[in-house]
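# Descriptive structure summary
This is what each chain is made of:
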Amino acid sequence: MKKFFTAPGTVILLLGLFLAVCLCGVLIPQVSNSPASYFASWQVNSPYSYQLVVLLQMNRIFTSYWFLLLVLFLLLSISISLHGQFKKARAAFAAKPSGNLTPQVTLRTGQFTADALIAAWARKGYKTKKWKKDSMVLLNFYRNRRNVWGSFTFHSGILIIVVASLLTFAFQKQGFIQLIEGDTFFGRETDFLSTSKGILAGAFEPAFEIHLNKFLHSYWDTGELKKVKSELTIDRQGSAVPASLVRGQSLSVDGVAIYQSAHFGYAVKISLLTDKPGEEAIPTYFSLDMAPAGKPLEGSSDFPTTNYRLDMKFFPDHDGPSPYPVNPSLQVKFLKGEREIGSAVMKPGDEALVEESRFRFEEIRPWSGLILTGNRFIPLVYTGFLINAAGIFMMFLFFPQEILVSAAPEKEGFFTLAVAVKTKMGSKILLDDTVETLHELLGPETVKG
Amino acid sequence: MESTTLLKFEIILHWLALFIYIGAAVCFVQGVIFKQEKSFSLGMNVFLAGLLPHSLALLVRWFYVYHGPYLSKYEVLSSNAWVTVVMFLFFSRRYPKIRFSGMFVAPFAFFQVAAALFASAAIKRFPASFKVPWLVAHILFNKLAVGAFLIAIALMIAYALKSRGSKMPSLARLPDNEVLDEYIYKFTAFGFCFWTITIAAGAIWAHESWGRYWGWDAVEIWSLITWLLLGSYLHLRLFFGWKGKRGMVVLTVCYAVSILTVFFLPFLVNSLHSEYFK
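Residues numbered from 1 in each chain as written. Chains lettered and ligands numbered in written order. Predicted model: local features only at pLDDT ≥ 70, side-chain atom pairs only at ≥ 80, totals over all residues.

Scanning chain B from terminus to terminus reveals eight helices and zero strands. Start at the N end of chain B and walk to the C end: the helices and strands fall as α-α-α-α-α-α-α-α. Computed over the C-alpha atoms, the radius of gyration of chain B is 19 Å, within 12% of the 19 Å expected from 2.2 N^0.38 for a compact globule of 278 residues. Taken over the C-alpha atoms alone, chain B extends approximately 55 × 45 × 30 Å along its principal axes. Taking all 278 residues of chain B together, the buried fraction comes to 54%. By sequence separation, contacts in chain B at least 24 residues apart represent 77% of the contacts at least 6 residues apart. (Helix = DSSP H or I, 4+ residues; strand = E, 2+ residues; numbered from the N terminus. Rg over C-alpha atoms; globule rule 2.2 N^0.38 Å. Buried ≥ 20, exposed ≤ 12 C-beta atoms within 10 Å, placed from the backbone. Contact = placed C-beta atoms within 7 Å.)

With that settled, consider the overall build of chain A. When helices and strands are counted, chain A shows nine helices and 21 strands. For 449 residues, the compact-globule estimate of 2.2 N^0.38 gives 22 Å, and the C-alpha radius of gyration of chain A, at 35 Å, exceeds that figure by more than 25%. With respect to the three principal axes, the spread of C-alpha positions in chain A is 125 × 55 × 45 Å. The buried share of chain A, reckoned over its 449 residues, is 26%. Put simply, 60% of the contacts in chain A that link residues at least 6 apart link residues at least 24 apart.

On to the interface of chain A and chain B, then. Taken residue by residue, the interface counts 39 residues in chain A and 40 residues in chain B. At the level of elements, α2 (8-27), β8 (225-236), β11 (256-273), β18 (357-374), α8 (378-397) and α9 (428-442) of chain A are the ones that each hand at least two residues to the side of chain A that touches chain B. In terms of residue count, α8 of chain A provides more of the side of chain A that touches chain B than any other element does, 10 residues in total. Of the residues that constitute the side of chain A that touches chain B, the class distribution is 22 nonpolar, 11 polar and six charged. (Nonpolar A, V, L, I, M, F, W, Y, C, P; charged D, E, K, R; others polar.)

Another point: unusual backbone geometry. Glycine aside, the phi torsion of most residues is negative, and most peptide linkages are trans. Residues and elements named next belong to chain A. One non-glycine residue, Gln-237, lies in positive phi territory at about 45°. Its place among the elements puts Gln-237 in the loop between β8 and β9 (239-246). In the Ramachandran plot, Asp-254 falls in the positive-phi region, its phi being about 50° despite a non-glycine side chain. Within the secondary structure layout, Asp-254 lies in the loop between β10 (251-253) and β11.

Here we come to the confidence of the model for chain A. Looking at chain A, the pLDDT average stands at 88 and 95% of residues meet or exceed 70. Predicted confidence is poor over residues 320-325 of chain A, with pLDDT under 50, and the contacts of this stretch with residues over four places away or in other chains come to nine contacts. (pLDDT = per-residue confidence, 0-100.)

Before going further, it helps to spend a moment on the domain arrangement of chain B. Residue and element names in this part refer to chain B. Domain parsing of chain B yields domain 1 (1-124) and domain 2 (127-278). Placing the centre of domain 1 and that of domain 2 at their C-alpha centroids yields a distance of 20 Å. Taken together, the contact between domain 1 and domain 2 spans 23 residues of the former and 22 residues of the latter. At the level of secondary structure, the elements contributing two or more residues to the side of domain 1 that touches domain 2 comprise α1 (3-33), α3 (73-94) and α4 (102-118). Looking at the side of domain 1 that touches domain 2 element by element, the count peaks at nine residues for α3. Taken together, the residues that form the side of domain 1 that touches domain 2 break down as 15 nonpolar, five polar and three charged. (Domains from an automatic or database assignment.)

Another point: helix α6 (residues 177-210) of chain B. Owing to its 3.6 residues per turn, the α-helix brings residues three or four apart onto one side. Residue and element names in this part refer to chain B. Here α6 spans 47 Å end to end across 34 residues, near enough to the 50 Å set by a 1.5 Å rise per residue. In terms of residue burial, α6 counts as a mostly covered element, since 31 of its 34 residues are buried. Of the residues flanking the end of α6, it is Gly-211, one or two places downstream, whose phi is positive at about 85°. (Expected span 1.5 Å × (residues − 1).)

Moving on, we come to the sheet that holds strand β16 (residues 339-346) of chain A. Residue and element names in this part refer to chain A. Strand order in the open sheet formed by four strands is β13-β14-β15-β16, and the pairing between neighbours is antiparallel. Each edge of the open sheet carries a strand with a single partner, namely β13 (297-302) and β16. When the angles between neighbouring strand axes are averaged without regard to direction, this sheet yields 15°. Relative to strand β14 (residues 308-315), β13 runs antiparallel, the two being bridged by six bridges. Note on β14: the bridge partner recorded for Glu-298 is Lys-313. (Pairing = 2+ DSSP bridges. Axes fitted to C-alpha atoms, helices over the stretch in contact; angles between N-to-C directions.)

Let's shift gears to the sheet that holds strand β7 (residues 209-219) of chain A. Residues and elements named next belong to chain A. Strands sit in the order β5-β7-β8-β9 across an open sheet of four strands; the sheet is antiparallel. Each edge of the open sheet is held by one strand with a lone partner, namely β5 (184-185) and β9. Where β5 and β7 come together, two bridges link them in antiparallel fashion. Residue Phe-185 lies in a different strand from β7, and its bridge partner there is Ile-210.

Here we come to the pairing of β9 of chain A. Residues and elements named next belong to chain A. As paired elements, β8 and β9 share eight bridges and run antiparallel to each other. Across the sheet, the residue bridging to Ile-234 is Val-241, located in β9. Linking β8 to β9, which pair antiparallel, is a turn of two residues; within it Gln-237 sits at a positive phi near 45°.

Here we take up the packing of α3 of chain B against α4 of chain B. Residue and element names in this part refer to chain B. The N-to-C vectors of α3 and α4 enclose an angle of 160°; their axes lie 7 Å apart at closest approach. Classed by the angle they form, the pair α3 and α4 counts as roughly antiparallel. Considering how the two elements wind past one another, α3 and α4 form a crossing that is left-handed. Touching Lys-73, Tyr-74, Leu-77, Ser-78, Asn-80, Ala-81, Thr-84, Val-85, Phe-88 and Ser-92 of α3 are Gly-102, Val-105, Phe-108, Ala-109, Gln-112, Val-113, Ala-115 and Ala-116, all from α4. In the contact of α3 with α4, the residues fall into 11 nonpolar, six polar and one charged. (Parallel < 35°, antiparallel > 145°, perpendicular 65-115°, else oblique. Left-handed = near helix turned anticlockwise from the far one by under 90°.)

Given below as structure tokens:
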């Protein structure tokens, strides 16, 4: 089993499958990044292919059980391989420079001083081991010896990232709230507009309340969104703290991260009035999504308990000093089925009579979209990134290098130098560089011998 | 000065850089064909001269759009070319043996600047979610990785020409294939290191901004595929000794995917990333 999971064939197969899955994830539309209408139309137009894709979970590949199985196999392979890599790295690190390298180049020189060579390679960041064997002087220059741990570090980083991702997949909690200016989120799971939770995650009920004091947004001259900001009060069991939440910067409260969403808009409150004594007006909130600067906000929705449908266009006063509408007006079309039965342009407090019904435009307030995320494993993911990157640098950029120069004295004061280099990443450049340095240090009389 | 005047000035500077880069390419080609060391030195100086208007163009744009050059096809391609030229000048001073590859790097630079000039130079404003320090790391390391990849590709072309047994005597002057192979490896490893930081910094940025570090977005997936392929090549070389032609075949596939990921996909697919490139 151990051999099977670390065999090159198995690793290549697993990686090949992973790459194939990634390609499928790009080519087949996924639930996470395609609208629901796309799948509805697919189901209608090609029911058999749709059924097959759903059955094989190909429309949500990266959360499918078989993808999870593939990741587990990869995890197993990396874990077992790490054991072997640890033993190899430990042995390589413990080994002393032996001087048993086969000479690759020999040079003949009239002047040789070990100290000059040691100083030259010290400037290049090499450490030296010097010893004598008979009449020969052996110099072993080496650097980055610790980086024999590179491969182990690199693969440990991958292991940590994969484990942290699986834990995230199992336990992460995320929820979206639409918080109207002046309202409070009480931390109940039912107060979220939508939630997305890991397969083993429990209820998502943050132990704090969020009150939206003010919502601000501004645009660039090109109409693009410049800044989105929510002025909040976070109430943690009686201790209320003001906080500003800006798009792009999260807040962390009791292990829950709060993000400013780019999804925001206005909430319109319209009441259906009644003349019957004892009966109260029926207020309803409608949500209008934010529109580009200078454009009206639009929304269409049924009015509950009636047959009416309301098509709304809201014109906020963007020129006002405050983002809160200064001189707003709401244009409403009242529809019954497809038939328009009335229309009105209203300011807050205005009423409109449609057939027998009276509607009052009560108020309009901006709402801010907030994303709350509970994921305890993020530090683990970041640790994995750090270890993985460190391993890559150790393995591929600052890899261990060893140079052996042995000098044997000849007659008439000449020396024969035997040069050898050792590195796993190709030795030609290092060898050329070594010979060039020796030529510079030992003078022009130095020749290849 | 008005922004339209600045925009025109910046475009003129870009055209100037483009023509100087063409001149640099000519010098490098001349150096290889006529075996003139002087032409290489001249090519380096011309390249450096092209970098001046190019740098000025990017600075002018930075000044009037209030953000770095990374928010549209125009800015992305131009800054990629700039980083490639800077990296080439830096590394070819450190490793003079690779100076000849300027004959491929210079065309890479002017094609990118030309593609930028034919794209829209319209200003895109800085989105709200971009005010994060991780953005700097994500973009900076991405550009360094792309620069390293392009230099490696230039050396691969030379390797391919040499190993095909071309009878052009001028090619005999280029470094041995063994040396080229090692330089290709070095630049690939360099690019791979920075590609890793790009992905990690992007993931951290995504988490800080949107609450998720990986969203299986099309560009994210292709970046991961590129990373896996390049990592596989480096592993094959390190653990299985895949050097020379065998390694080059794998690397050709890796770079084909890299080019697709860096230069085409962000402009073609619907992705969170592509919003800022189009």
